[in-house]
Amino acid sequence: MIRVCLIIFALFAAIPIGMSKEADPCAHDATEMMQLSIEAFDKTPDSGWRTVGDIEGCEGTAADLIEAYRARIEDHRRGLIHHEAQLRAAAGETEKALNLFDQLIEFKTDAANLAYYKATRAFVARDRLALEAARAELAAVPPPDGFLEGVERFKLKYPDMPEPIWPLNLDVVEGFLNCFDRPYREAYSDECRDKD
């Protein structure tokens, strides 16, 4: 009986007073998450890490999920690294975020993505001059072949949605400049992108 009481006490001692496990906004089933396909884990809205990462204050937990998923599948996809870096930045885990953005910059990727990674890294590092240089680099990237035709197809298929503009992510980078002194999550928001 004493042993059972000790086990029960140990279980409840791990939960802060006044908070049940169900009240934890970052709670998730890690085992289930690790079994998801890459599509469900990383690319599907309201699925995978997004069910945790979209909750303010749970960014670090979601970043840990991505790190564990990347280790499990032994795949270092650029998209997973980028999402983990963004979440680490939003969680205030600056050094980890910078290390991940350094990995992204080392990828042999297209000029637009490279400039975007440099800009995001500069924002996280609080290096305004580097951010401005990366913004200029991104703005100078010419659209890829077929981009304008792709925009026309997009407008036909999704007439109620804003059309893609080139360069991609320039609005995000301008948001970083507009809200340079704010935390990553705020600077990444539409509110910062829409400033004149």
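All figures in this text were calculated on a predicted structure; none of them were measured in a lab.

Trainee: What is the right way to look at the environment of Gly57 in this model?
Mentor: Inspection of the secondary structure puts Gly57 in the loop between helix H4 (50-53) and helix H5 (59-73). Counting along the chain gives 33 residues from Gly57 to Ala90, while the straight-line C-alpha distance between them is 8.7 Å.

Trainee: Would you mind going over the pattern of salt bridges with me for this structure?
Mentor: Pairing is possible between side chains that carry opposite charge, provided their charged atoms lie close to one another. Using the criterion set out here, one finds 17 salt bridges in the structure. Note that Arg182 and Glu191 form a salt bridge whose closest N and O atoms lie 3.4 Å from each other. According to the relative accessible area criterion, Glu191 is exposed, its value standing at 52%. One network of salt bridges, in which partners are shared, links Asp64, Glu67, Arg70, Glu84, Arg88 and Glu93.

Trainee: In this structure, what is going on with the confidence of the model for the protein? I would like to understand it.
Mentor: When the pLDDT values of the protein are averaged, the result is 87; 87% of them are 70 or greater. When pLDDT is averaged over each helix and strand of the protein, the minimum, 37, is found for helix H1 (residues 2-13) and the maximum, 98, for helix H9 (residues 128-139). In this model residues 1-21 is a low-confidence stretch, pLDDT under 50, and it forms three contacts with partners more than four residues away in sequence or in other chains.

Trainee: How should the packing of aromatic side chains be read in this particular structure?
Mentor: Each pair of aromatic rings is reported with the distance of its centres and the angle of its planes. Inspection of every chain in the model, using the stated rule, returns nine aromatic pairs. Ring geometry for Phe123 against Phe176: centres 4.7 Å apart, planes inclined by 15 degrees, an arrangement best described as stacked. Placement of Phe123 in helix H8 (residues 111-125) and of Phe176 in helix H11 (residues 170-178) is noted, with a sequence separation of 53 residues between them. Judged on exposure class, the residue Phe123 and its partner Phe176 are both buried. Site record: aromatic cluster; members linked through ring pairs are Phe123, Phe176, Phe180, Tyr184 and Tyr188. Seen from the ring of Phe123, Arg126 lies directly overhead, with NZ or CZ sitting 4.5 Å from the centre. Geometry around Tyr188 places Arg193 over its ring, the cationic atom sitting 4.7 Å from the centre.

Cut-offs used in this document
- Residues numbered from 1 in each chain as written.
- Predicted model: local features only at pLDDT ≥ 70, side-chain atom pairs only at ≥ 80, totals over all residues.
- Heavy atoms only, no water.
- Helix = DSSP H or I, 4+ residues; strand = E, 2+ residues; numbered from the N terminus.
- Salt bridge = Lys/Arg side-chain N within 4 Å of Asp/Glu carboxyl O.
- Buried < 20%, exposed > 50% of the residue type's maximum accessible area, 1.4 Å probe, protein only.
- pLDDT = per-residue confidence, 0-100.
- Contact = heavy atoms within 4.5 Å.
- Phe/Tyr/Trp six-rings, centres within 6.5 Å; stacked < 30°, edge-to-face > 60°.
- Lys NZ or Arg CZ within 6 Å of the ring centre and 35° of its normal.

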